[in-house]
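Breakdown of the fold
Take a look at the letters that make up each chain.
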2 protein chains.
Amino acid sequence: MKIDITISAADTTPERVADRSVAVIDVFRATSVMITALEHGIQRIIPVITIEEAENLRSQYMALGEEVITGGERNALKIPGFDKDNSPHSYMNNMELEGKTMIMTTTNGTRAVNASRSAHAIYIAAMLNYRAVCSQMMTDNRDITLVCSGRENKFTLEDALCAGLMADELLLQTGNAELSDIAWSIRDLYLLYQKDMKQGLKRSRHYNDLMQLGFDYDIDYCLQRGISDRVPWVNQQFQIVG
Amino acid sequence: MKIDITISAADTTPERVADRSVAVIDVFRATSVMITALEHGIQRIIPVITIEEAENLRSQYMALGEEVITGGERNALKIPGFDKDNSPHSYMNNMELEGKTMIMTTTNGTRAVNASRSAHAIYIAAMLNYRAVCSQMMTDNRDITLVCSGRENKFTLEDALCAGLMADELLLQTGNAELSDIAWSIRDLYLLYQKDMKQGLKRSRHYNDLMQLGFDYDIDYCLQRGISDRVPWVNQQFQIVG
């Protein structure tokens, strides 16, 4: 089994993911939100790239008499007119979400899902559910690409740490996986920081931007490892379910 | 001073290098060869992408009565009809190189130089001359991008270790450089392996391919840190001199 890691949506070329099992990672916060929303009642998530697409889709669902939830962010903040922001805490213990469809637009996570279209299977991963996604990928028994969403098509440390954690887990589970250079390097980087991930993150721009906006409770939540058994996946209609 | 690192020619978008001081790194072996050839008598190197370009250019120079040296590699091996291969040892203590122009085509290094065209200045760097290039970049006093050539548009460990070494040196020299997430991570990766770089490289595909081809003496040579004070640079005619 081969294991590769891409560092951004732009780095995720079709040949890097074709026919493989892919995990899309956007720890701060898109994939952490998706996992949390599905755990707390949302039935399916439709990822779209633009705000306009989200608004048009909402109108179409409303015309059909179906209520939908709109969520996501621009520059980490709630989009005007949307129901929910991009904080996992906004999707917890909220009866109004039960059974609903969510239309979601985020800057980087949505792009990374789109870039992975040629994959055999696309799973939604974060630190929260890393172990469950790794187990599913072991069952698939295909070559694996861990796709870091990054930020503005650049590497971000939090996604790399999650990919490194998953590469390490897959290495332990398989015993003989064949890692690419970048996969070994990011796995080693995770081992370097696994005891105190915030030590590394304190130098990261994304982490500091979120801290400055007061999202420290989101960061603490998103850095929890393996607390969820949920394995969301992207279906044929390009909706996230599971 | 901002310091960024790109992991391959494809990752080196114009905006990542525009108006910056750029160091192009291809440790195994293009930039190590360039530094060595210039130290041993070659006057200038013309980097070209294809074998055909190299052959056409040679014909044009020969028509002018100027003798040139052709060098480079495809799949790490000498190109049929070329004068020299891509081993630094082929360019040492060789009187016939004195004052000559060299036409060079390599798979990844040449692409990375091309991808850096929008830079303020492009320097040729490897472990051999890392300290001298860092000093020159400090004198430039511009934002810096360290461009790893990679291999087939993917990350390779040896280039990352050199970029990490340079990021660490620049950090020490400036005291207050602002590193991007990828720059911090690759610098940390270098610190992890600095005492035994081969420990990491033993898992790297490019290293193992070269070892299998019998290039262990090239590897030992290319991994020497700071033994050259030469700072080759790319001039207005897109030739490498210095």
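Since the model is a prediction, treat every value here as computed from it, not as a measurement. (Residues numbered from 1 in each chain as written. Chains lettered and ligands numbered in written order. Predicted model: local features only at pLDDT ≥ 70, side-chain atom pairs only at ≥ 80, totals over all residues. Heavy atoms only, no water.)

**Things to note about the overall build of chain A**
Each helix and strand counted, chain A has 10 helices and 10 strands in total. A compact globule built from 242 residues would reach a C-alpha radius of gyration of about 18 Å, and chain A, at 17 Å, matches this within 12%. When the backbone C-alpha atoms are referred to their principal axes, chain A occupies close to 55 × 40 × 30 Å. In chain A, buried positions account for 61% of the 242 residues. When the accessible surface of chain A is totalled, it reaches about 9700 Å², and 45% of it is carbon and sulfur. Taking the average place of the 24 positive charges on the side chains of chain A and the average place of its 32 negative ones, the gap between the two points comes to 2 Å. (Helix = DSSP H or I, 4+ residues; strand = E, 2+ residues; numbered from the N terminus. Rg over C-alpha atoms; globule rule 2.2 N^0.38 Å. Buried < 20%, exposed > 50% of the residue type's maximum accessible area, 1.4 Å probe, protein only. Areas by Shrake-Rupley, 256 points an atom, 1.4 Å probe, with all protein chains shown as cover. Lys, Arg positive; Asp, Glu negative; His and termini not counted. Charge placed at Lys NZ, Arg CZ, Asp CG, Glu CD.)

**Things to note about the relation of the copies chain A and chain B**
Note on the identical chains: chain A maps onto chain B by a rotation of 180° and an axial translation of 0.0 Å, with an RMSD of 0.0 Å. Both copies of the chain, as the preceding transformation shows, are related through a two-fold rotation axis. When C-alpha positions in chain A are compared against the rotation axis, the closest is assigned to A:L189, at 3.2 Å. Comparing interface residues between copies, 95% of those in chain A also sit at the interface in chain B, which points to an isologous, same-surface contact. (Least-squares fit on C-alpha atoms with pLDDT ≥ 70 in both. Contact = heavy atoms within 4.5 Å.)

**Notes on the packing of aromatic side chains**
Counted according to the given criterion, the structure contains two aromatic pairs over all chains. The residue whose ring lies beneath A:R117 is A:F238, and the NZ or CZ to ring-centre distance is 3.7 Å. (Phe/Tyr/Trp six-rings, centres within 6.5 Å; stacked < 30°, edge-to-face > 60°. Lys NZ or Arg CZ within 6 Å of the ring centre and 35° of its normal.)

**Some points on the side chain of A:T36**
For A:T36, the position within the fold is in helix α2 (residues 30-39). With residues near it in sequence (within four places) discarded, A:T36 still touches A:P88, A:Y91, A:M92, A:L128 and A:Y221.

**Observations concerning the confidence of the model for chain A**
Put simply, chain A has an average pLDDT of 96, and 100% of its residues get 70 or more. ipTM for the predicted complex: 0.91, alongside a pTM of 0.94. (pLDDT = per-residue confidence, 0-100.)

**Describing the side chain of A:T106**
Residues and elements named next belong to chain A. Along the chain, T106 turns up in the loop between β5 (101-105) and α4 (109-115). Accessibility expressed as a relative area gives 2% for T106, which makes it buried. Look past the residues within four positions of T106 in its chain and what remains in contact with it is A30, V48, G72, E73, R74 and N86.

**Thoughts on the nonpolar core**
Among the nonpolar cores identified, the biggest contains 103 residues, and A:L146, A:M166, B:L146 and B:M166 are the most heavily contacted of them. If we ignore the near neighbours within four places in the chain, the residues touching B:M166 are B:A23, B:I25, B:A125, B:Y130, B:V133, B:C134, B:M137 and B:L146. (Core = buried A, V, L, I, M, F, W, Y, C linked by side-chain atoms within 4.5 Å.)

**Some thoughts on the interface of chain A and chain B**
Every contact between the two is made by 20 residues of chain A and, on the other side, 19 residues of chain B. Of the roughly 1800 Å² buried between chain A and chain B on both sides combined, carbon and sulfur atoms contribute 57%. Summed over the three residues of chain A that lose the most area to chain B, namely A:F155, A:D181 and A:R203, the buried surface amounts to 34% of that side. On the surface where chain A and chain B come into contact, there are two salt bridges. For B:R203, the salt bridge goes to A:D188, with nearest N and O atoms at 2.4 Å. (Buried area = accessible area lost by both parts, 1.4 Å probe. Salt bridge = Lys/Arg side-chain N within 4 Å of Asp/Glu carboxyl O.)

**Focus on the pattern of salt bridges**
One pass over the structure, following the stated rule, counts 24 salt bridges over all chains. Residues A:K100 and A:E67 are paired through a salt bridge, measuring 3.9 Å at the closest nitrogen-oxygen approach. Here A:K100 is found in the loop between β4 (68-72) and β5, whereas its partner A:E67 is found in the loop between α3 (51-63) and β4, with 33 residues between them in sequence. Note on A:K100: relative accessible area 16%, which makes it buried. A:R205 is the partner of A:D209 in a salt bridge, and the nearest nitrogen-oxygen pair spans 3.9 Å. In this pair, A:D209 and A:R205 both sit in helix α9 (residues 205-212), four residues apart, roughly one turn of the helix. Residue classification places A:D209 among the partly exposed residues on the basis of a relative accessible area of 25%. For A:R205, a relative accessible area of 53% gives the class exposed. Residues joined by salt bridges that share partners form a network here, namely A:D168, A:R187, A:D188 and B:R203.

**A short note on the environment of A:T174**
All names here are of chain A. Looking at the element boundaries, T174 is found in helix α6 (residues 157-174). Sequence separation of T174 and N208 is 34 residues, and the distance between their C-alpha atoms is 36 Å. Beyond its immediate chain neighbours, meaning those up to four positions away, T174 contacts M1 and M138. At 3.2 Å, the side chain of T174 forms a polar contact with the backbone nitrogen of A177. (Polar contact = N/O pair within 3.5 Å; in protein donor to acceptor, adjacent residues only side chain to side chain.)

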